[in-house]
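Residues per chain are reported as follows:
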Amino acid sequence: MAVHGRSSPLRALFDESPTPHIAHPPRTHHRDFYVATDGSYNLDSDEGGLGAIIETRDGEQVARLSVPDDSVADNNIAEYRALHLGLDVLAARAPPGSHVGVLVDHDDLAANVNSATLATRRTDHTPPRKLTVPPEGRNHWRGIRARVCRFGEVRAAVLESDQNPAHALANAPEEYAHVNRQTDRCLLPECPESSESQIPPPSRADRRASDSRASD
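Residues numbered from 1 in each chain as written. Predicted model: local features only at pLDDT ≥ 70, side-chain atom pairs only at ≥ 80, totals over all residues. Heavy atoms only, no water.

Enquirer: Residue-level account of helix H2 (residues 75-91), with values.
Expert: Every α-helical turn comprises 3.6 residues, leaving residues that sit three or four positions apart pointing alike. Taking 1.5 Å of rise per residue, the 17 residues of H2 would be expected to cover 24 Å, and the 24 Å separating its terminal C-alpha atoms lies within 8% of that figure. Counted residue by residue, H2 has 12 buried out of 17 residues, so it is predominantly covered. Taken residue by residue, H2 has Ile77, Ala78, Glu79, Tyr80, Ala82, Leu83, His84, Gly86, Leu87, Val89, Leu90 and Ala91 as its buried positions. Buried residues along H2 sit against strand S1 (33-42), strand S2 (47-56), strand S3 (61-69), strand S4 (99-104), helix H3 (107-119) and helix H4 (138-150). (Helix = DSSP H or I, 4+ residues; strand = E, 2+ residues; numbered from the N terminus. Expected span 1.5 Å × (residues − 1). Buried < 20%, exposed > 50% of the residue type's maximum accessible area, 1.4 Å probe, protein only. Contact = heavy atoms within 4.5 Å.)

Listed below in structure tokens is the structure:
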């Protein structure tokens, strides 16, 4: 999509990606930070990796992480561990009320995040759909849900795996170890221009509340 002024590459991906099990108001693209995460697991080597990229809506890089993980049981668990890591890092550097856009390539994880977000607005805090969390990922899910409650709003969108910018970081942590040595940054996004709030993302204009790609 085209957005006037400087913008985050993650934001552009977020605005063009489906957001399962949640409605799409015109302000969808008004996030303060964007987090792309991915987890990997190699059955042959029994090794895994976690990747995370965090940017402000202005495109300023907050952090990049590429971490080997030899304790992961399978690829599904790796996805939960990666998002838990990414949100923990962002929580240490961003104001509690920040609005966060999450990019993952795991349908159930994205749907769970969005259901948890909707649950925070309900008086009984009950998710609108049954959450499907793998048993081995429950501890990481509790951490993810705690972060969802801490931020002002968290919304997850689904990417194809080959479009996920965190994919390489998760799948080749030995090659990208240098990104972990980058200086920590704590950046606040610039205030959006007044005209920006009047520009709804074209991809949201005629999309229904749920997307057929989401897993029930």
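Enquirer: Please give an account of a negative patch on the surface that cites residues and values.
Expert: Together, Asp46, Glu47, Asp70, Glu174 and Glu175 make up a region of like negative charge exposed at the surface. The residue Glu175 is located in the segment after helix H5 (167-171) in this model. (Patch = residues over 30% accessible without salt bridge, like charges linked within 9 Å, V, L, I, M, F, W, Y side chains within 5 Å. Areas by Shrake-Rupley, 256 points an atom, 1.4 Å probe, with all protein chains shown as cover. Salt bridge = Lys/Arg side-chain N within 4 Å of Asp/Glu carboxyl O. Lys, Arg positive; Asp, Glu negative; His and termini not counted. Charge placed at Lys NZ, Arg CZ, Asp CG, Glu CD.)

Enquirer: Any details on the packing of aromatic side chains? Residues and values, ideally.
Expert: Scanning the model with the defined rule gives two aromatic pairs in all. Considering the side-chain rings of Phe14 and Tyr34, the 5.6 Å spacing of their centres and the 65° angle between planes classify their relative orientation as edge-to-face. In this pair, Phe14 is assigned in helix H1 (residues 9-15) and Tyr34 in strand S1, connecting sequence segments 20 residues apart. Residue Phe14 is classed as buried on the basis of its relative accessible area, which comes to 0%. Ring centres 6.4 Å apart and planes at 75° place the aromatic pair Tyr80 and Trp141 in the edge-to-face group. On the criterion of sequence distance, the pair formed by Tyr80 in helix H2 and Trp141 in helix H4 is long-range, its members being 61 residues apart. You can call Trp141 buried: its relative accessible area is 7%. (Phe/Tyr/Trp six-rings, centres within 6.5 Å; stacked < 30°, edge-to-face > 60°.)

Enquirer: Break down the pairing of S2 for me, citing the residues and quoting the values.
Expert: Of all 10 residues that make up S2, nine are buried, and the element is covered over most of its length. Across 10 bridges, S1 lies against S2 in antiparallel orientation. Directly across from Ala36, in S2, lies its bridge partner Ile53. Connecting S1 to the next strand, S2, in antiparallel fashion are four residues, including Asp46 with a positive phi near 60°. In terms of strand pairing, S2 meets S3 through eight bridges, oriented antiparallel. Bridge pairing links Gly51 to Ser66 in S3. (Pairing = 2+ DSSP bridges.)

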